[in-house]
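# Residue-level structural notes
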Amino acid sequence: MSLFSQIAFIALLCSLSLTRALYFHIGETEKKCFIEEIPDETMVIGKYRTQLWDKQTAAFLPSTPGLGMHVEVKDPDTKVVLSRQYGAEGRFTFTSHTPGEHQICLHSNSSKMALFTGGKLRVHLDIQVGEHTNNYPEIAAKDKLTELQLRVRQLLDQVEQIQKEQNYQRYREERFRMTSESTNQRVLWWSITQTVILLITGIWQMRHLKSFFEAKKLV
Amino acid sequence: MYGANMGVLLQVLWAQLLMGWARGSELTFELPDNAKQCFYEEITIGTKCTLEFQVVTGGHYDVDCRLEDPEGNVLYKEMKKQYDSFTFTAARNGSYKFCFSNEFSTFTHKTVYFDFQVGEDPPLFPNENRVTALTQMESACVSIHEGLKSVIDYQTHFRLGEAQGRSRAEDLNTRVAFWSIGEAVILLIVSIGQVVLLRSFFSDRKTTTTRVGS
């Protein structure tokens, strides 16, 4: 194999292999959601691998064809950005266009599980955001960078991410300030309104009772 | 020159694939009331790991956390914590389990952020057989990289704290709105009710006066 095809092959394997990652268990109809609060124009790459529980061997099977996971990603305005079915092992990616809380939901779509297994599924998951999505050896190979140039590129990416996050921070601080000012206004108006209502009802009560007693000839 | 670079890169890529590179998982998930969520991680012996978690929204912003090793020994257990960080070195190979529990809460669901770092970050070029030490430029780059990593970490914690503050402020805002309307309604009902009740005491029913007399 030529050098380049070797590199390409390894890079492909690196991007797909999820030999060791965080994993959790999910029931058959359960939907697991993860929240990523990210600035805009940020890339998110998620990789998952599922394993099915086998009752006979009381262990997780290494890989099962026919399993599928449905991945749904919603943006901060609850608009669906990505909604796709993937196989037992998959890789999904999206780029945020609005800053805020994006919700990544996973749920299994195979119904045959419950019949045979007792409905337990192990999901290995790895979500990388922003500059963590960059694969530096690949970039070095593609752009033919020296070691120092690669290091500087990594620093530049980090600084860019920090800048984006700071920008997002400014936008959120504005929202926070608007909420606080709205609360302040509401409290102010409510205090005035309450005082006015109290006075009016007090006056009305006295006048009504006075005319009532006068009618009853008690006063 | 070109061939040497390619050779180095090839080494790097194979090393990455075969060694099982160090990694960190950072997730924010929702924990419903009375629920428990567990995560597992395969760790090799001798790896230094750090678990950090913070409750972002919900209730009193606290959660129970528990970290167990493959034998089931509890390495870390804290009840109702808002934020904590725990570093440990893996004493054995296997699957480590950490769980977050909201079982003490009856109706508030919580959003929890956690960051589980396994091992150190891989170097950009795993040059185990480096002939020379890092040049000044390279070591400057390394220290800048470490500094920027800690900046990003601070930013994350700041973002979480700000999300918490913002969620509390929005809660307060809705509560103030509902309470104002509710109190206005109660005021009107009470004042009209008082008048109606007082009027009923002086109604023309003779039964009340006779009872008072005897």
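The rules behind the values
Residues numbered from 1 in each chain as written. Chains lettered and ligands numbered in written order. Predicted model: local features only at pLDDT ≥ 70, side-chain atom pairs only at ≥ 80, totals over all residues. Heavy atoms only, no water. UniProt positions renumbered as here; feature names shortened; annotations may be inferred. Helix = DSSP H or I, 4+ residues; strand = E, 2+ residues; numbered from the N terminus. Buried < 20%, exposed > 50% of the residue type's maximum accessible area, 1.4 Å probe, protein only. Contact = heavy atoms within 4.5 Å. Areas by Shrake-Rupley, 256 points an atom, 1.4 Å probe, with all protein chains shown as cover. Axes fitted to C-alpha atoms, helices over the stretch in contact; angles between N-to-C directions. Parallel < 35°, antiparallel > 145°, perpendicular 65-115°, else oblique. Left-handed = near helix turned anticlockwise from the far one by under 90°. Nonpolar A, V, L, I, M, F, W, Y, C, P; charged D, E, K, R; others polar. Buried area = accessible area lost by both parts, 1.4 Å probe. Salt bridge = Lys/Arg side-chain N within 4 Å of Asp/Glu carboxyl O. Polar contact = N/O pair within 3.5 Å; in protein donor to acceptor, adjacent residues only side chain to side chain. Core = buried A, V, L, I, M, F, W, Y, C linked by side-chain atoms within 4.5 Å.

Per an unreviewed UniProt entry, chain B goes by the name TMED7 protein and belongs to Polyodon spathula. Under the UniProt heading Sequence similarities (unreviewed entry), the entry covering chain B gives this text: "Belongs to the EMP24/GP25L family."

Naming follows an unreviewed UniProt entry, where chain A appears as TMED4 protein of Polyodon spathula. UniProt, in its Sequence similarities (unreviewed entry) section for chain A, records the words "Belongs to the EMP24/GP25L family."

Let us now look at the overall build of chain B. Scanning chain B from N- to C-terminus turns up three helices and eight strands. Sequence-ordered secondary structure for chain B, helices as α and strands as β, is α-β-β-β-β-β-β-β-β-α-α. Residues counted as buried form 40% of the 214 residues belonging to chain B. Sequence-distant contacts, at least 24 apart, represent 76% of the contacts inside chain B between residues at least 6 apart. Entry remark: accessible area of chain B is about 12200 Å², with carbon and sulfur atoms responsible for 59%.

Bringing the packing of helix H3 (residues 136-143) of chain A against helix H4 (residues 147-215) of chain A into the picture now. Residues and elements named next belong to chain A. At a minimum axis distance of 10 Å, the contact between H3 and H4 shows a crossing angle of 120°. Between H3 and H4, the interaxial angle falls into the category oblique. The handedness of the crossing between H3 and H4 is right-handed. The residues of H4 that touch H3, namely those facing Tyr-136, Ile-139, Ala-140 and Asp-143, are Leu-150, Arg-153, Gln-154 and Asp-157. Residues belonging to the contact of H3 with H4 are distributed by class as follows: four nonpolar, one polar and three charged.

What follows concerns the interface of chain A and chain B. Taken residue by residue, the interface counts 65 residues in chain A and 73 residues in chain B. The junction of chain A with chain B conceals about 6700 Å² of combined surface from both sides, 66% of it contributed by carbon and sulfur atoms. Where chain A meets chain B, there are five salt bridges. Across the pair Arg-172 of chain A and Glu-162 of chain B runs a salt bridge whose closest N-O atoms are separated by 3.4 Å. Scanning the region where chain A abuts chain B turns up 21 residue pairs in polar contact (both at pLDDT 80 or more). Of all elements in the fold, only helix H1 (3-16), strand S1 (22-27), strand S2 (31-38), strand S9 (120-129), H3 and H4 of chain A reach the threshold of two or more residues within the side of chain A that touches chain B. Per-element accounting of the side of chain A that touches chain B gives the leading share, 34 residues, to H4 of chain A. In the side of chain A that touches chain B, the residues fall into 35 nonpolar, 16 polar and 14 charged.

With that settled, consider the pattern of salt bridges. Applying the stated criterion across every chain, the model contains 19 salt bridges over all chains. Among the ionic pairs, Glu-72 of chain A bridges to Lys-31 of chain A, the shortest N-O distance being 3.6 Å. Residue Glu-72 of chain A is found in strand S5 (residues 69-74), and its partner Lys-31 of chain A is found in strand S2; the two are separated by 41 residues along the sequence. A salt bridge links Asp-62 of chain B to Lys-110 of chain B, with the shortest nitrogen-to-oxygen separation between them at 3.3 Å. Of the two residues, Asp-62 of chain B sits in the loop between strand S3 (48-57) and strand S4 (63-68) while Lys-110 of chain B sits in strand S8 (residues 110-118), which places them 48 residues apart along the sequence.

The contact between H4 of chain A and helix H2 (residues 136-201) of chain B brings their axes to 8 Å, and the two run at 10°. By the angle between their directions, the pair H4 of chain A and H2 of chain B is classed as roughly parallel. For the pair H4 of chain A and H2 of chain B, the sense of crossing is left-handed.

Under the feature "transmembrane region" (unreviewed entry), the UniProt entry names residues 187-206 of chain A. The distance separating the terminal C-alpha atoms of residues 187-206 of chain A is 29 Å; by composition the span is 100% helix and 0% strand.

Moving on, we get to the nonpolar core. As a rule of thumb, soluble globular proteins bury nonpolar side chains together. Among the nonpolar cores identified, the biggest contains 49 residues, and Phe-39, Phe-98, Phe-100, Phe-114 and Phe-116 of chain B are the most heavily contacted of them. A total of five residues in this core trace back to one element, the largest contributor, which is S9 of chain A. Sequence-distant contacts of Phe-114 of chain B, that is, excluding residues within four places in its chain, are made with Leu-22 of chain A together with Ser-25, Glu-26, Leu-27, Phe-29, Phe-39, Leu-51, Glu-52, Phe-53, Phe-98 and Phe-100 of chain B.

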